[in-house]
Amino acid sequence: MATLRCPLIAGNWKMNLDHLQSIAFVQKLGWALKDAKYVESNVEVALFPPFTDLRSVQTLINADSLPFAFGAQDLSMFDDGAHTGDISGLFLKALECSYVIVGHSERRADHSEDDAIVAAKSRAAIRHSLVPIVCVGETAEDLETHGAAKIPVEQLTKVLEALDAKDNYVVAYEPVWAIGSGQAATPDQANDVAAALRETIAQVHGSERAEATRILYGGSVKAANIASLMKRPDVDGALVGGASLDVSEFSSIIQFPKHVTLDS
Ligand code: PEP
């Protein structure tokens, strides 16, 4: 883990927890981290509830001064107008979202989002001063045919070409075969692809942008494997799905610096 890049642990709740459940969850997470004397300057935590929870989560975080950033799981590529069911980045910014996930493999699969759409959504995020977390990753079939890095590098290149070197973005490497499967990439696999993605950023946006950009790993991250992932130099954090819905597991993931040992 590079010292210049503050680690980011992001919890993607997917389509789980309604707005009442979200309030209970965020309160419990706040208490758990307070009890554990979590220091927010060491690790940044960001929560990604469903759209319908965002106002509740925002209100609670502000009222209790909780040390969490938050964002949405998707946004429209458009800013306003006749796009029934879509949510504008303008609205997310008005709710004080800092981040927005774009190009998650479940959006790519369920909503046929291709690289052009992911690029347009990333641009929309930047237009509204939201930091896009750009998800890339290969399927099991891609892995078999092309190896791990080729498809994620191609996906990221298309997005980077639509952005500018001065734009602030985060990249999440999420092998599709690892998401929700219980089978995470090994730390070395995750680091190799993260290093290839950083090299791609360097080629398109220059080495300064590459060094400053956080690259997360996502796919079956748990308290038991986070420390070994975070020890790798190009892995700057995690995008956590299932384990982010369990207060004790997620709070343990956030506190990974306490369980990074020399042998992990
Ligand atoms: C995800 O959906 O982004 C994810 C990484 O899920 P999980 O942690 O459950 O594999």
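A few points on the structure.

Brief notes about the overall build of the protein
Summing up its helical and strand segments, the protein has 12 helices and 8 strands in all. Dimensions along the principal axes, computed over C-alpha positions, put the protein at roughly 55 × 45 × 35 Å. Relative to its full complement of 264 residues, the protein shows a buried share of 51%. For the protein, restricting intrachain contacts to residue pairs at least 6 apart in sequence, the fraction spanning at least 24 positions comes to 75%. Roughly 11700 Å² of accessible area belongs to the protein as shown, and the carbon and sulfur atoms make up 53% of that amount. Charged side chains in the protein number 22 positive and 35 negative. The centres of these two groups are separated by 4 Å.

With respect to the site of the ligand
In the vicinity of the ligand lie 14 residues, with Lys-14, Glu-174, Gly-180, Ser-220 and Gly-241 positioned nearest. Within the side chain of Glu-174, a nitrogen or oxygen atom sits 2.8 Å from an oxygen atom of the ligand. Relative to its free-state accessible area of 290 Å², the ligand is covered by the protein chains to the extent of 95%. Here the shell around the ligand is composed, by residue class, of 4 nonpolar, 8 polar and 2 charged.

Concerning the packing of aromatic side chains
Overall, the coordinates contain 3 aromatic pairs when judged by the stated rule. Seen in terms of ring centroids, Trp-13 and Phe-25 are 5.2 Å apart; in terms of plane orientation they differ by 70°. Their pairing is edge-to-face. Here Phe-25 lies in helix 1 (residues 19–35) and Trp-13 lies in the loop between strand 1 (8–12) and helix 1, a separation of 12 residues in the sequence. With respect to burial, Trp-13 and Phe-25 carry one shared label: buried. The ring of Tyr-169 carries Arg-209 above its face, with NZ or CZ at 5.4 Å from the centroid.

Analysis parameters
- Residues numbered from 1 in each chain as written.
- Predicted model: local features only at pLDDT ≥ 70, side-chain atom pairs only at ≥ 80, totals over all residues.
- Heavy atoms only, no water.
- Helix = DSSP H or I, 4+ residues; strand = E, 2+ residues; numbered from the N terminus.
- Buried < 20%, exposed > 50% of the residue type's maximum accessible area, 1.4 Å probe, protein only.
- Contact = heavy atoms within 4.5 Å.
- Areas by Shrake-Rupley, 256 points an atom, 1.4 Å probe, with all protein chains shown as cover.
- Lys, Arg positive; Asp, Glu negative; His and termini not counted.
- Charge placed at Lys NZ, Arg CZ, Asp CG, Glu CD.
- Near = heavy atom within 4 Å.
- Polar contact = N/O pair within 3.5 Å; in protein donor to acceptor, adjacent residues only side chain to side chain.
- Nonpolar A, V, L, I, M, F, W, Y, C, P; charged D, E, K, R; others polar.
- Phe/Tyr/Trp six-rings, centres within 6.5 Å; stacked < 30°, edge-to-face > 60°.
- Lys NZ or Arg CZ within 6 Å of the ring centre and 35° of its normal.

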